[in-house]
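Architecture at a glance
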Amino acid sequence: MCNPDVVQQFHNPDTIFILAFAVVLLNTDMYSPNIKPHRKMGLDDFIRNLRGVDDGADIPREMVAGIYERIQQRELRSNEDHVTYVSRVEQSILGLKTVLAVPHRRLVCCCRLFEVPDANKPHKQKLSALQREVFLFNDLLLILKLCPKKKSSASYTFCKAMGLLGMQFHLFSNESTHT
């Protein structure tokens, strides 16, 4: 439906499914470390594999060659799912004993906040000592402290976690009304 001009080039609309499967196989063949370089599929092999798949007709050579070249230039990769992303956050927290990466949990947002320095403390506090990373999940609020020792990748120490199930919020205002 999105590409009627492309579909009209084929004798059978199901040819698109065959072509899609062939693209996945080509991508796997081209980028799998388990396949020796001399055994990898070349352009002629890819064209030969698709010979006659369109109700006995061939897919236009220019189209097949273009697909092959684009796959060769850039590997097809899937995006991370929400569990994988939450798992990466979990692995960055030193000493965490709780499993964060569960199927129902999704990261909504994260932000960096700074505690307000205590004016009564005689010495100045480092800004990094006041920095907190806040991760809001659909069911959990997680507060972490950035570990300054690790420069290569972000790692955190656990500060606090609050479940959001059953939590109630009340709005308040400290403004007085003048008449």
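Computed from a prediction, not measured in an experiment: that's the story for all the values here. (Residues numbered from 1 in each chain as written. Predicted model: local features only at pLDDT ≥ 70, side-chain atom pairs only at ≥ 80, totals over all residues. Heavy atoms only, no water.)

1. What to know about the UniProt feature "domain: SEC7" (unreviewed entry) in the protein chain
- Here the UniProt-annotated "domain: SEC7" (unreviewed entry) positions come out as residues 2-74.
- With 56% helix and 0% strand, residues 2-74 has its two end C-alpha atoms placed 23 Å apart. (UniProt positions renumbered as here; feature names shortened; annotations may be inferred. Helix = DSSP H or I, 4+ residues; strand = E, 2+ residues; numbered from the N terminus.)

2. So, the nonpolar core
- Counting residues in each nonpolar core, the largest one holds 16 residues, and the members touching the most others are Leu-19, Leu-26, Phe-46, Leu-50, Ile-59 and Ile-67.
- Elements with a contribution of two residues or more to this core: α2 (15-31), α3 (43-49) and α4 (61-73).
- Excluding its chain neighbours within four sequence positions, the residues that come into contact with Phe-46 are Ala-22, Leu-26, Met-41, Val-64, Ile-67 and Tyr-68.
- Counting residues in hydrophobic clusters, the runner-up holds 10 residues, among them Ile-93, Leu-100, Leu-142 and Tyr-156. (Core = buried A, V, L, I, M, F, W, Y, C linked by side-chain atoms within 4.5 Å. Buried < 20%, exposed > 50% of the residue type's maximum accessible area, 1.4 Å probe, protein only. Contact = heavy atoms within 4.5 Å.)

3. Overview of unusual backbone geometry
- Not every positive phi belongs to a glycine, and Asp-55 is a case in point at roughly 50°.
- Residue classification places Asp-55 among the exposed residues on the basis of a relative accessible area of 55%.

4. Focus: the pattern of salt bridges
- Tallied over the entire structure, the rule returns 4 salt bridges.
- A salt bridge links Arg-48 to Asp-45, with the nearest nitrogen and oxygen atoms 2.4 Å apart. Here the residue Arg-48 and the residue Asp-45 both occupy positions in helix α3, the gap between them amounting to 3 residues, near one helical turn.
- Asp-139 is the partner of Arg-105 in a salt bridge, and the nearest nitrogen-oxygen pair spans 2.8 Å. With Arg-105 in the loop between β1 (93-94) and β2 (107-114) and Asp-139 in the loop between β3 (131-137) and β4 (140-146), the pair connects residues that are 34 residues apart, well separated along the chain.
- Residue class for Arg-105 comes out buried when judged on its relative accessible area of 10%. (Salt bridge = Lys/Arg side-chain N within 4 Å of Asp/Glu carboxyl O.)

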